Amino acid sequence: MEEQNAHNRFKVPLPLPQERASPDVSGETEGEVKGEVPDNMKKKVNQKYTELHTTTNFSFLQGASHPEEMVQQAAALGYTAIAITDRNTLAGIVRAHAAARASGIRIIVGCRLDLLDGASLLAYPTNIQAYSQLSNLLTLGNRRAEKGDCHLYKADVYKYAAGIQFIVLPPGELNAQFEFDPSFTNTLAEYKNVFQDDLYIAASRKYQGDDGKYLFQLAKLAAQLQIPLVATNDVHYHEPQRRQLQDVLTCIREKCTIYTAGFLLHPNAERFLKPAEEMSRLFRQYPEAIANTQRIVETCTFSLDELKYEYPEEITTEGRTPQEELTHLAWQGAKERYVGALSEKTIAAINYELKFIKEMNYAAYFLTVYDIVRYAREQKILCQGRGSAANSTVC
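What you are looking at is a predicted structure, and each value in this text was computed from that prediction instead of being measured.

## What to know about the packing of aromatic side chains
Thought 1: Enumeration according to the criterion identifies 10 aromatic pairs in this entry.
Thought 2: Relative to F195, the ring of Y158 has its centre 5.7 Å away and its plane inclined at 70°; by these criteria the two rings are edge-to-face. Placement of Y158 in helix α7 (residues 154–159) and of F195 in helix α8 (residues 182–195) is noted, with a sequence separation of 37 residues between them.
Thought 3: Here Y365 and F366 contribute two aromatic rings whose centre-to-centre distance is 6.0 Å and whose plane-to-plane angle is 85°, an arrangement assigned as edge-to-face.

Listed below in structure tokens is the structure:
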């Protein structure tokens, strides 16, 4: 009996599984097992956060959610903005933009640049000129490669970098010495030298047990090179339930099965869009990383609403604008077509049509059609117009 009592005396009740702390995985420390936030941290937890690293299904066989789903989930979580950063493409931002307008939030236009000779970069144009630069850069990379690939180098990015904010993506693991490889450190120093204050470095939790060491080394390196940290969750799907679909996409991409995929799959289901409060909690030791997301949002004011179709410039005579040239040709043609004085009805029709063409900025198009018809008649080629424009008095 005494032996049994002695045995019971040394029994220590284990905590229930849901109460066990996982300091490195969740960022929790002793005394915060259930996620309570100390009073001195509450102000930091309430900081605004914007997810700047999202991969949608427009990154072929990489992302498991549509851009619209990312935007709608962001709006549901109370986000005021979200970035779309698919791999070497801007293809997903149009649908995201439409969804954002319907949801009442803002899209930060961006993409991920995977380079052949350097660390990957997230790129965000700050204005319409920078958007044009980024588009030209992607066109350059796409023209070099087969369909589905994009071959870009550091020198290409440097050439088109004006007006673009960059976030460099560090390696996912430290080396055997718990440090970043010198090759990455050298590349990071080079990026800093070129991009100056337009460069940030992404800080993401890997949820694999060594996040504390990883983020400490990352912050240390960032401080040495004076590169601000930016928190991201490297989002690949809008909700945790999509993790299974993401695994299937990985298997299709890698030509394997779920049973043989192994480490090719994401090690956990954490790559979903998290609430801003949760991201602030996870990075409460690095509050500047949360705050810097807003710096980028405030800098990147470009919107797809600024884009409009720009018709090619037309050749005019005597320094006239396209509208002035069309007006000149319209009245000249009216005198040639109608015998004698023009009727009030014809004059009113021409004036009305010229006014409408000016309002719609269609003058250059009418001049193009005029050149085609004139050349066809000179060459005795039969031509015929169709539609309301062709039947107008001006035509």
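That covers the picture; the talk isn't over yet.
## With respect to the sheet that holds strand β6 (residues 199–203)
Thought 1: If you walk across this open sheet you meet the 5 strands as β3-β4-β5-β6-β7, and the pairing is mixed. The open sheet has two edge strands, β3 (111–113) and β7 (229–231), and neither has a second partner. The mean angle between the axes of side-by-side strands here comes to 35°, regardless of whether they run parallel or antiparallel.
Thought 2: Sitting on the sheet, helix α9 (residues 211–225) is in contact with β6 and β7, with an inclination near 170° to β6.
Thought 3: Helix-sheet contacts for helix α13 (residues 287–299) involve β4 (121–125), β5 (164–168), β6 and β7, and the interaxial angle to β7 is about 90°.

## With respect to the packing of helix α4 (residues 67–76) against helix α5 (residues 93–103)
Thought 1: Contact geometry of α4 with α5 gives a least axis separation of 8 Å together with a crossing angle of 30°. One finds that α4 runs roughly parallel with respect to α5. Crossing handedness for the pair α4 and α5: right-handed. Note on element contacts: α5 touches α4 through R95, A96, A99, A100 and S103, opposite P67, E68, V71, Q72 and A75.

## Quick word on the nonpolar core
Thought 1: Ranked by size, the top nonpolar core spans 64 residues in total, and within it L113, L121, F166, V168, I201 and L229 carry the most contacts.
Thought 2: When residues in this core are grouped by element, the largest group, 6 residues, is from α9.
Thought 3: If near-sequence neighbours (up to four positions away) are discounted, L113 is found in contact with N88, S120, L121, A123, L134, L137, L138, L152, V157 and F166.
Thought 4: Ranked by size, the runner-up nonpolar core spans 14 residues in total, among them L52, L169, Y200 and A202.

## What about the pattern of salt bridges?
Thought 1: One pass over the full model with this rule turns up 16 salt bridges.
Thought 2: Close ionic contact of R87 with D114 constitutes a salt bridge, the shortest N to O distance being 3.4 Å. Here R87 is found in the loop between β1 (81–84) and α5, whereas its partner D114 is found in the loop between β3 and β4, with 27 residues between them in sequence.

## A word on a nonpolar patch on the surface
Thought 1: On the surface, a cluster of nonpolar side chains totalling about 650 Å² of accessible area is made up of Y309, Y311, F356, M360, Y362 and Y365.
Thought 2: Mapped onto the elements of the fold, M360 is located in helix α15 (residues 344–360).

## Some details on the pairing of strand β2 (residues 106–109)
Thought 1: By the bridge criterion, 4 bridges tie β1 to β2 in an arrangement that is parallel. Its bridge partner lying in β2, A81 is registered against R106.
Thought 2: Remark: the β1/α5/β2 crossover connection has right-handed handedness.

## Some points on the side chain of E353
Thought 1: With respect to the element layout, E353 can be found in helix α15.
Thought 2: K345 provides the closest opposite charge to the buried, salt-bridge-free E353, at an N-O distance of 11 Å.

## Some remarks on the state of the cysteines
Thought 1: Across all of its chains, the model carries 0 disulfides by this definition.
Thought 2: Between C111, a cysteine without a disulfide, and C150, which holds the nearest cysteine sulfur, the sulfur-to-sulfur distance is 8.4 Å.

## As for unusual backbone geometry
Thought 1: Even without glycine at this site, Y207 takes up a positive phi of about 60°.
Thought 2: Phi at D234 takes a positive value of approximately 50°, unusual for a residue other than glycine.
Thought 3: The residue D234 is located in the loop between β7 and α10 (243–254) in this model.
Thought 4: Residue classification places D234 among the buried positions, given a relative accessible area of 17%.

Quick notes on the rules
Residues numbered from 1 in each chain as written. Predicted model: local features only at pLDDT ≥ 70, side-chain atom pairs only at ≥ 80, totals over all residues. Heavy atoms only, no water. Phe/Tyr/Trp six-rings, centres within 6.5 Å; stacked < 30°, edge-to-face > 60°. Helix = DSSP H or I, 4+ residues; strand = E, 2+ residues; numbered from the N terminus. Pairing = 2+ DSSP bridges. Axes fitted to C-alpha atoms, helices over the stretch in contact; angles between N-to-C directions. Contact = heavy atoms within 4.5 Å. Parallel < 35°, antiparallel > 145°, perpendicular 65-115°, else oblique. Left-handed = near helix turned anticlockwise from the far one by under 90°. Core = buried A, V, L, I, M, F, W, Y, C linked by side-chain atoms within 4.5 Å. Buried < 20%, exposed > 50% of the residue type's maximum accessible area, 1.4 Å probe, protein only. Salt bridge = Lys/Arg side-chain N within 4 Å of Asp/Glu carboxyl O. Patch = residues over 30% accessible without salt bridge, like charges linked within 9 Å, V, L, I, M, F, W, Y side chains within 5 Å. Areas by Shrake-Rupley, 256 points an atom, 1.4 Å probe, with all protein chains shown as cover. Right-handed = clockwise from strand over helix to strand, strands pointing away. Lys, Arg positive; Asp, Glu negative; His and termini not counted. Disulfide = S-S within 2.5 Å.

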